[in-house]
Amino acid sequence: MQESKAEALAKLRKDLKEMLVKDLSLEDVNPEDIKDDEILFGEGLGLDSLDAVEIVVLLQRNFGLEIKDMNKGKEVFYSIDTLANYVYENTKSET
Amino acid sequence: MSKEEHTKKRGNRLGLAIFRASLKIFGLSGTYGLLYFVCLYYLAFDRIAVASSMAYIRRRFKKQSYLRRLIGVYRIFINQGKNLIDRYYLISGLGGFDIELSGYDKLNSLLGENHKGVILLTAHVGNWQVAMTALEKLGRTVYLLMRPEDNAAVKEALNIDNESRRIRIISPESYLGGVVEIMNAINSGSIVSIMGDRSYGQNSFEAKLLGDRVRLPYGAFTIAAAAQCPVVVLLSAKLSEKKYVVDVSQIIEPVQGPKAEKQEKIKGSVQEFAGMLDNYAAQYPFQWFVFGDIWEGNN
């Protein structure tokens, strides 16, 4: 059971990296260049608030997820790891 | 001196108290009369205020003499004073205004056919605070995206703390510029109002306004593109002592496509908005309250 969670999270991280690079048209960045724990906004990957809009849409479109709470957003948008965990925790009942 | 310092607050408690008392005793017309003297003082002694308005006037009236331009600045000061008086008149319950809402049916049907909300793009022209009160009849919550330092004055002007009002504030200084809250508001069918005339140097595209290059923020169009909701331009003007017109008939559709293509289209949307401001300035030349040289450094 634990292993399948690890596998699911690994797949989610990979998918999310690909989605970010594609949807945000990140130039000169390959999905595999993004570290799992790299900070997404500001220093780190260097995304800005308007990229956040795209991530909000990306979560809605691909996973049917909406972040209602600002504090939750801060936690979720921290890195690929936190994003993947959030998606996993909120969609696992569907899979 | 920074731009923020240029936008220092003017007027003191005594002055405001005099205006408020005058409003109760002499009514609107009588109180407007005081403005002609007060604004003359600012015209003579407040060089920063004059320069911040002159930046617009000299572009709007390119062929006029300095003296005529100075009279233009004086008229803008007076109209700004009337706006402030009108806001107080409205919130203190002394009376109301006849507000003609142009494009109301269009906006209402847009909200009706779409489960999402809309972005309301406005500017510091006319009396947008009074205009906001006119939108209450849409029955939707209106979120204003504004910096905390502007909150106090706007909260007072719009009586936002009053629970019965459906106007709320989102701070662009909250996490990620408030985009999560903005997206939630749009997705829940609310209206999000964003100022489109000052970029503060970030997230802006160049456009031509009154013949010169200026940088205008594109955030509203990026959010609209992501949420696939329309941008409704709100421009208001004072027509007479007790009459305003609020125009929400101009709509800019959200752009679509890959990011590079989308960016180009958004540049077009920014220019479209600049064109609307051009037209506004042509129609209501003395209701332009974007104080500061927004063209500075772009030409």
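A.B. asks: Is there a simple way to explain the confidence of the model for chain A in this structure?
C.D. replies: Low-confidence regions, as indicated by low pLDDT, have predicted coordinates that should not be scrutinised in detail. Looking at chain A as a whole, the pLDDT averages 86, with 94% of positions reaching at least 70. Within chain A, helix α4 (residues 80-91) of chain A carries the highest mean pLDDT (94), whereas helix α3 (residues 70-76) of chain A carries the lowest (80).

A.B. asks: I'm lost on the domain arrangement of chain B in this one. Help?
C.D. replies: Frequently, the measure chosen for interface size is the accessible area removed from exposure when the parts meet. Residues and elements named next belong to chain B. What the domain assignment reports for chain B is domain 1 (11-91) and domain 2 (98-283). Summarising the inter-unit geometry, the C-alpha centres of domain 1 and domain 2 are found 26 Å apart. Tallying the contact residues gives 15 residues for domain 1 and 17 residues for domain 2. Counting every contact that joins domain 1 to domain 2 gives two salt bridges. The shortest N-O distance in the salt bridge between D212 and R59 comes to 2.8 Å. If you look at where domain 1 meets domain 2, you find 14 residue pairs in polar contact (both at pLDDT 80 or more). Of all the secondary-structure elements, those providing two or more residues to the side of domain 1 that touches domain 2 are α2 (13-45), α3 (47-60) and α4 (66-91). Counting residues per element, the side of domain 1 that touches domain 2 draws most heavily on α4, at seven residues. Among the residues forming the side of domain 1 that touches domain 2, the class breakdown is six nonpolar, two polar and seven charged.

A.B. asks: Where do I start with helix α8 (residues 179-187) of chain B in this structure?
C.D. replies: In an α-helix there are 3.6 residues to a turn, and that puts residues three or four apart on one side. All names here are of chain B. Across the nine residues that make up α8, a large majority, eight, are buried. For α8, every residue scored as buried is listed here: V179, V180, I182, M183, N184, A185, I186 and N187. Immediately downstream of α8, the backbone of G189 shows phi near 90°, a positive value.

Calculation notes
Residues numbered from 1 in each chain as written. Chains lettered and ligands numbered in written order. Predicted model: local features only at pLDDT ≥ 70, side-chain atom pairs only at ≥ 80, totals over all residues. Heavy atoms only, no water. pLDDT = per-residue confidence, 0-100. Helix = DSSP H or I, 4+ residues; strand = E, 2+ residues; numbered from the N terminus. Domains from an automatic or database assignment. Contact = heavy atoms within 4.5 Å. Salt bridge = Lys/Arg side-chain N within 4 Å of Asp/Glu carboxyl O. Polar contact = N/O pair within 3.5 Å; in protein donor to acceptor, adjacent residues only side chain to side chain. Nonpolar A, V, L, I, M, F, W, Y, C, P; charged D, E, K, R; others polar. Buried < 20%, exposed > 50% of the residue type's maximum accessible area, 1.4 Å probe, protein only.

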